[in-house]
Amino acid sequence: MKLSVIGCGYLGAVHAAAMASLGHEVVGIDVDQAKIDALAEGRAPFFEPGLPELLTETHGSGQLVFSTDVAAAADCQVHFIAVGTPQQVDGPGADLRFVNAAVDSLLPHLKPGDLVVGKSTVPVGTADSLAPRIEATGAELAWNPEFLREGFAVKDTIEPDRLVYGVRSERARNLLDQVYSTAVAAGTPLVVTDYPTAELVKTAANAFLATKISFINAMAELAETTGADVTQLADAIGYDKRIGRKFLNAGVGFGGGCLPKDIRAFRARAEELGRGESLAFLREIDEINLRCRQRVITLATELLGGSVYQRRIAVLGLAFKPNSDDIRDSPAADVAVGLNGLGAEVVAYDPEAIENARRTHPQLTYAASTKEALADAEAVVLVTEWDEFKQLDPTAVADQVSQRVIIDGRNVLDREAWRAAGWRYAGLGRS
């Protein structure tokens with residue numbers, strides 16, 4: 001099929017390349033000329049494992065092209081809207097300017113029988129508001145939320161764990177079945193539903209994951225007060241199949257371009273609908289999450305005798321999660337900036353996110369390697385669980401620092417091994 005993807009950011013670029021790899025003819029469209037130039041040359045404009053290989057595979061084949069001109073979508077039958085929905089500047093709600101602009105730009109090029117497919121995460125009710133404008137052209141709207149995990153986005157697109165179609169006709173469903181024929185043939189679970197349910201599936205999923213993470217971090221706060229071990233607590237309750245162990249890892253909390261802004265937008269939308277009480281708990285989820293970042297800063301202050309002023313601190317990690325260069329709402333970056341604001345001499349290192357961090361936080365000092373970051377450090381703070389940080393040998397790196405103090409902001413290190421090597425170890429919710 002001939003597909004267009006409007007918006008070539010994280011979601012759109014991966015979706016366009018993945019669809020082309022499955023045999024579709026795809027045109028990716030974005031207003032950012034630099035981004036389009038990079039993609040057209042087969043270069044990924046951000047770090048995502050597997051995406052460079054996918055772009056190389058499809059580059060020059062004619063299956064995948066990129067343009068800044070939305071008219072390039074005119075020959076396509078299915079059009080995906082994959083633009084961002086950031087948090088509003090002056091409030092917690094979702095900013096839908098890019099969604100509306102994408103639809104407005106596409107309207108003159110739609111023809112009867114076309115299908116516009118929303119993939120952006122939007123407040124419930126958005127599809128119902130867009131549908132009349134699209135239907136006036138003879139085209140139809142569907143909503144098909146994405147469930148990508150940064151670091152695993154290529155696999156999640158080509159081999160999704162489920163598909164959700166918000167449609168109003170059998171024809172729209174059939175077109176989506178053709179787009180996702182490989183996944184459908186593989187027996188991927190499919191939910192065919194209405195617009196509001198399809199929109200809610202994504203926001204509800206993110207709200208649930210955020211709740212689970214903040215729950216275990218709330219338990220970590222209690223564990224620190226009582227002397228309990230939150231990791232063992234998580235193991236014990238995780239054996240209950242109704243609860244499960246995934247996302248019960250206490251630490252510095254969640255971040256990125258999705259969970260924080262999505263739970264805020266979800267709560268704001270509930271208030272607009274007159275059901276604010278239904279999602280009032282998400283405010284506390286957000287607050288617990290933000291407290292985790294401050295807790296890491298407090299731990300560093302306590303372990304350094306009450307002040308971090310002019311103390312050299314190695315911060316390991318800047319991206320909000322490993323296998324990503326995304327620093328949006330990153331707990332790791334916030335910890336580095338917070339320590340710097342207290343007068344610490346912060347030296348930060350991340351395998352992929354340094355350039356993004358440097359543009360946003362030029363006041364920090366950046367190292368070119370873990371070894372450089374650790375040199376003469378009076379404390380080490382691990383805040384992004386990259387494998388190279390998790391695999392550090394506490395004995396081998398002991399002589400690189402000036403004081404053997406480490407804060408495990410992700411509870412991923414072997415506490416006993418680090419203490420046996422002479423380090424003062426502190427985790428979150430672990431004595």
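Coordinates for the structure precede this section.
Predicted model, so just to flag it, every value in this text is computed and none were measured. (Residues numbered from 1 in each chain as written. Predicted model: local features only at pLDDT ≥ 70, side-chain atom pairs only at ≥ 80, totals over all residues. Heavy atoms only, no water.)

Before going further, it helps to examine the packing of aromatic side chains. Considering all chains together, one arrives at 5 aromatic pairs under this definition. Here Tyr-10 and Phe-46 contribute two aromatic rings whose centre-to-centre distance is 5.5 Å and whose plane-to-plane angle is 45 degrees, an arrangement assigned as tilted. Of the two residues, Tyr-10 sits in helix H1 (residues 10–21) while Phe-46 sits in the loop between helix H2 (33–40) and helix H3 (51–58), which places them 36 residues apart along the sequence. Accessibility expressed as a relative area gives 18% for Tyr-10, which makes it buried. The interplanar angle of 75 degrees and the centroid separation of 4.9 Å between the aromatic rings of Trp-418 and Trp-423 together place this pair among those described as edge-to-face. (Phe/Tyr/Trp six-rings, centres within 6.5 Å; stacked < 30°, edge-to-face > 60°. Helix = DSSP H or I, 4+ residues; strand = E, 2+ residues; numbered from the N terminus. Buried < 20%, exposed > 50% of the residue type's maximum accessible area, 1.4 Å probe, protein only.)

For the rest of this paragraph, the subject is empty space enclosed by the protein. One pass over the full model with this rule turns up 1 cavity of 30 Å³ or more. Roughly 90 Å³ of volume is contained in the largest cavity. Lining the largest cavity we find 13 residues, and of these Val-122, Pro-123, Thr-203, Ala-265 and Phe-266 sit closest to its centre. Among the elements of the structure, helix H9 (195–226) and helix H11 (259–272) are those that each provide at least two residues to the lining of the largest cavity. For the lining of the largest cavity, the residue count by class is 7 nonpolar, 3 polar and 3 charged. (1 Å grid on protein atoms, 1.4 Å probe; cavity = no way out; pocket = protein on both sides within 12 Å on 5 of 7 lines; lining within 4 Å. Points joined across faces, edges and corners; volume = space filled by probe spheres on them. Nonpolar A, V, L, I, M, F, W, Y, C, P; charged D, E, K, R; others polar.)

Below, the discussion takes up unusual backbone geometry. Although it is not a glycine, Asn-323 sits at a positive phi angle of roughly 60 degrees. Located in the positive-phi region is Asn-411, a residue other than glycine, with phi close to 50 degrees. In this structure, Asn-411 sits in the loop between strand E13 (405–408) and helix H17 (415–420). The buried category is assigned to Asn-411, whose relative accessible area is 14%.

Moving on, we get to the side chain of Asp-156. Topologically, Asp-156 is positioned in helix H6 (residues 153–158). Note on Asp-156: relative accessible area 12%, which makes it buried. In terms of polar contacts, Asp-156 uses its side chain to reach the side chain of Arg-149, at 2.9 Å. Not counting the four nearest positions on each side in its chain, Asp-156 is found in contact with Phe-147, Leu-148 and Arg-149. (Polar contact = N/O pair within 3.5 Å; in protein donor to acceptor, adjacent residues only side chain to side chain. Contact = heavy atoms within 4.5 Å.)

What follows concerns the sheet that holds strand E10 (residues 345–349). Read from one edge to the other, the open sheet built from 6 strands follows the order E11-E10-E9-E12-E13-E14, with strand pairing classed as parallel. With partners counted over all chains shown, the strands left at the sheet margins are strand E11 (365–366) and strand E14 (424–427), one partner each. Helix H12 (residues 281–303) contacts strand E12 (379–382), E13 and E14 of the sheet and is inclined by roughly 165 degrees relative to E13. (Pairing = 2+ DSSP bridges. Axes fitted to C-alpha atoms, helices over the stretch in contact; angles between N-to-C directions.)

Another point: the environment of Asp-414. Inspection of the secondary structure assignment puts Asp-414 in the loop between E13 and H17. On the basis of relative accessible area, Asp-414 is assigned to the partly exposed category, the value being 45%. When the C-alpha positions of Asp-414 and Asp-393 are compared, they lie 10.0 Å apart, and in sequence the two are 21 residues distant. From its side chain, Asp-414 meets the backbone nitrogen of Glu-416 in a polar contact 3.2 Å long.

With that settled, the discussion passes to the pattern of salt bridges. In this structure the tally under the stated criterion is 37 salt bridges. A salt bridge links Arg-295 to Glu-224; the shortest N-O distance between them is 2.7 Å. Of the two residues, Arg-295 is situated in helix H12 and Glu-224 in helix H9; the sequence distance between them amounts to 71 residues. The partly exposed category is assigned to Glu-224, whose relative accessible area is 30%. The residue Glu-277 makes a salt bridge to Arg-275 at a minimum N-O spacing of 2.9 Å. Salt bridges sharing partners connect three or more residues here, namely Arg-264, Asp-286, Arg-293, Asp-329 and Asp-334. (Salt bridge = Lys/Arg side-chain N within 4 Å of Asp/Glu carboxyl O.)

Fair warning: the whole summary comes from geometry, so function is off the table for now.
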